[in-house]
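Fold and contact review
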Amino acid sequence: MNIDSIHNGFVIDHIPAGRGMKLYELLGLDALDCSIALIKNVPSKKMGKKDIIKIDADISLNLDLIGFFAPDVTVNIIRDGVLVEKKSIALPEYLTGVIRCKNPRCITSCEQELAHKFKLTDAENHVYRCIYCETKASTEQ
Amino acid sequence: MKSLIDILDFSVEEVNALLDTADDIIANPDKYAECCKRKKLATLFFEPSTRTRLSFEAAMIELGGSVIGFSDAQNTSSSKGESVSDTAKVISCYADIIAMRHPKEGAPLVAAQAASIPVINAGDGGHNHPTQTLADLLTIRREKGSLENFTIGFCGDLKFGRTVHSLINALARYEGVRVVLISPDELKLPSYVKTDVLDRKGISYTQTTDLEAVMPELDVLYMTRVQKERFFNEEDYLRLKDSYILTPQKLTAAKKDLCILHPLPRVNEISVAIDDDPRACYFKQVLCAKYVRMALILKLLKEAGKIV
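Quick caveat: nothing in here was measured; it's all calculated off a predicted structure.

The subject of this paragraph is the overall build of chain A. Helix and strand content of chain A: two helices and eight strands. Taken from the N to the C terminus, the helices and strands of chain A come in the order β-α-β-β-α-β-β-β-β-β. Considered along the principal axes of its C-alpha atoms, chain A spans approximately 50 × 30 × 25 Å. Scored against the burial criterion, the 141 residues of chain A give a buried share of 43%. A fraction of 57% describes how many contacts in chain A between residues 6 or more apart in sequence connect residues 24 or more apart.

Residue and element names in this part refer to chain B. Two numbers describe how helix α5 (residues 130-144) lies on helix α10 (residues 282-303): the axes approach to 8 Å, and their chain directions differ by 115°. Crossing hand, α5 versus α10: right-handed. Taking contact as the criterion, the partners of Thr 131, Gln 132, Leu 134, Ala 135, Asp 136, Leu 138, Thr 139, Arg 142 and Glu 143 in α5 are, on α10, Lys 284, Gln 285, Cys 288, Ala 289, Val 292, Arg 293 and Leu 296. Looking at the contact of α5 with α10 residue by residue, the classes come out as seven nonpolar, four polar and five charged.

Below, the discussion takes up the interface of chain A and chain B. Between chain A and chain B, the residue contacts involve 16 residues of the former and 21 residues of the latter. Across the chain A to chain B interface the summed buried area is about 1500 Å²; carbon plus sulfur atoms make up 47%. Inspection of the region where chain A meets chain B yields two salt bridges. Our enumeration of links across chain A and chain B arrives at 13 residue pairs in polar contact (both at pLDDT 80 or more). Its residues placed into classes, the side of chain A that touches chain B shows eight nonpolar, three polar and five charged.

All names here are of chain B. Over its 22 residues, α10 runs 31 Å from end to end, which matches the ideal 32 Å to within 8%, given 1.5 Å per residue. Counting buried positions over the 22 residues of α10 gives 16, a clear majority of the element. Within two residues after α10, Gly 305 carries a phi angle of roughly 75°, on the positive side.

What follows concerns the nonpolar core. The biggest cluster of nonpolar side chains holds 63 residues, and the ones touching the most others in it are Ile152(B), Phe154(B), Ile168(B), Leu171(B) and Ile297(B). It is α10(B) that provides the largest number of residues to this core, a total of eleven residues. Formed jointly, this core draws a minimum of three residues from each of two domains, domain 1 (7-128 + 289-303) and domain 2 (130-286) of chain B. Those residues in contact with Phe154(B) that sit more than four places away from it in its chain are Val164(B), Leu167(B), Ile168(B), Leu171(B), Val179(B), Val180(B), Leu181(B), Ile182(B) and Tyr222(B). Within the second largest apolar cluster, 55 residues are counted, among which are Leu65(A), Leu95(A), Phe46(B) and Val84(B).

As a further point, take the sheet that holds strand β8 (residues 220-223) of chain B. Residue and element names in this part refer to chain B. Spatially, five strands are ordered β7-β6-β5-β8-β9 in an open sheet, and the strand pairing comes out parallel. Every other strand in the sheet has two partners, leaving β7 (205-208) and β9 (259-261) as the edge strands with one partner each. On average, each strand axis in the sheet is tilted by 15° relative to the strand beside it, whichever way the strands run. Pairing of β8 with β9, which is carried by three bridges, proceeds in the parallel orientation.

Taken as a whole and judged by the stated rule, the model has four aromatic pairs over all chains. Geometrically, the ring pair formed by Phe46(B) and Phe70(B) is edge-to-face, given 5.1 Å between the ring centres and 85° between the ring planes. Of this pair, Phe46(B) sits in the loop between β1 (40-45) and α2 (50-62) while Phe70(B) sits in strand β2 (residues 66-70), placing them 24 residues apart in sequence. Neither Phe46(B) nor Phe70(B) differs from the other in exposure class; each is buried. Between the NZ or CZ atom of Lys117(A) and the centre of the ring of Tyr94(A), over which it lies, the distance is 4.7 Å. In this structure, Lys299(B) packs its charged tip against the face of Phe10(B), placed 4.9 Å from the ring centre.

Turning our eyes to something else, we now look at the environment of Asp236(B). Residue and element names in this part refer to chain B. Structurally, the position occupied by Asp 236 is in helix α9 (residues 234-240). By relative accessible area, Asp 236 is classed as partly exposed at 28%. The sequence separation of Asp 236 and Thr 50 amounts to 186 residues, and the corresponding C-alpha distance is 26 Å.

What follows covers the domain arrangement of chain A. How big an interface is tends to be stated in terms of the accessible area lost upon association of its parts. Residues and elements named next belong to chain A. Annotation of chain A at the domain level lists domain 1 (9-88) and domain 2 (94-130). A straight line from the C-alpha centre of domain 1 to that of domain 2 covers 24 Å. Across the contact, five residues belong to domain 1 and six residues belong to domain 2. Summed over both partners, the interface of domain 1 with domain 2 buries about 480 Å², with 78% contributed by carbon and sulfur atoms. Ranking the residues of domain 1 by area buried against domain 2 places Asp 64, Phe 68 and Pro 71 at the top, with a combined share of 77%. Counting every contact that joins domain 1 to domain 2 gives zero salt bridges. The tally of links between domain 1 and domain 2 comes to zero residue pairs in polar contact (both at pLDDT 80 or more). Class assignment of the residues belonging to the side of domain 1 that touches domain 2 gives a composition of three nonpolar, one polar and one charged.

Parameters at a glance
- Residues numbered from 1 in each chain as written.
- Chains lettered and ligands numbered in written order.
- Predicted model: local features only at pLDDT ≥ 70, side-chain atom pairs only at ≥ 80, totals over all residues.
- Heavy atoms only, no water.
- Helix = DSSP H or I, 4+ residues; strand = E, 2+ residues; numbered from the N terminus.
- Buried < 20%, exposed > 50% of the residue type's maximum accessible area, 1.4 Å probe, protein only.
- Contact = heavy atoms within 4.5 Å.
- Axes fitted to C-alpha atoms, helices over the stretch in contact; angles between N-to-C directions.
- Left-handed = near helix turned anticlockwise from the far one by under 90°.
- Nonpolar A, V, L, I, M, F, W, Y, C, P; charged D, E, K, R; others polar.
- Buried area = accessible area lost by both parts, 1.4 Å probe.
- Salt bridge = Lys/Arg side-chain N within 4 Å of Asp/Glu carboxyl O.
- Polar contact = N/O pair within 3.5 Å; in protein donor to acceptor, adjacent residues only side chain to side chain.
- Expected span 1.5 Å × (residues − 1).
- Core = buried A, V, L, I, M, F, W, Y, C linked by side-chain atoms within 4.5 Å.
- Domains from an automatic or database assignment.
- Pairing = 2+ DSSP bridges.
- Phe/Tyr/Trp six-rings, centres within 6.5 Å; stacked < 30°, edge-to-face > 60°.
- Lys NZ or Arg CZ within 6 Å of the ring centre and 35° of its normal.

Quick look at the structure:
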């Protein structure tokens, strides 16, 4: 399979296999008109199989969203065809405006323009809880 | 601006100092009678709670301050659609400190983020009720002499009982506290409280459905009401509401110095025949709640630079 190399943009690598499409949607990549490749089930020594997303545009990437949804991914930053930075994305301490609290009793369900904000409460098990009602976040939303 | 939204907003040292102040208020009430002169407490009660509101109001009045507020959201701007955040900003212009009760979980945190004065969470839905926890801690410390090395049984609704979750969170920071969880299967303590608090802090705990079997082990028994308002389904409420009723007979195997607590109001889960038993401490707990709220108002107003 041939995919053109990137001139200016990002390669999101080590996405757990099967999560690439969801991450593509969450990052809103379908709205961009640049070249984007979503490669699924790429053989990986470390992971067995992985997904990769290549974006040929210098966009603003929501790293918190990437870290929450696909922890341990690597974001490679390409400038003028050269890899200039390799970022390992850790779990962010806070997630603001990334996911929504689903608890109907939470103040976020009715307060005007209140950003949904979650805090990492258990890094080992990737648990995030709403800062307002402590409801556990789900990666399946 | 320091507020109290969750009991864990305060360090153990801060909690202990607050309880010391409450003890001093009990011993020397006159010393505190004018500490909050010309200061105003706003009690913003978006859902009914006679007890907590009156306790806060009595606390402020005994400190020499005054009280403004409401106890029915129907008569406020929130019924016109005003946000909690805007309400907090407006009230900051009128009062020196806010005590807020709201049916939505997290509403007092939203208020604290917007207000320019301290905010006290006076209960946010089924979530937190930190001043009840302070009252529980003060009562236990006064009755048992310490907040360390004792066995506490929580009985009744441990699933929706916010006072139980908050007290477990608070006690997990003290040494040698052993927890016995007594509830029907449907109302067990949520697993996240067990894993995030008890397991993580290495607190020894057991779970049972049999109150009488564990009664002899207990130094403190914390009874709770099965709360109708926490159920979506009345059928479930009716089935579970009478799960545990404490009677004099059930106390025969209890320790002579057992301390029986209940956040009140009670419905029928503690027989009135127990009220005269010296081990019944739930009305002392109400009194402790007022004194600890006095100590809290003093602490927050001092830290906000509003009193010396």
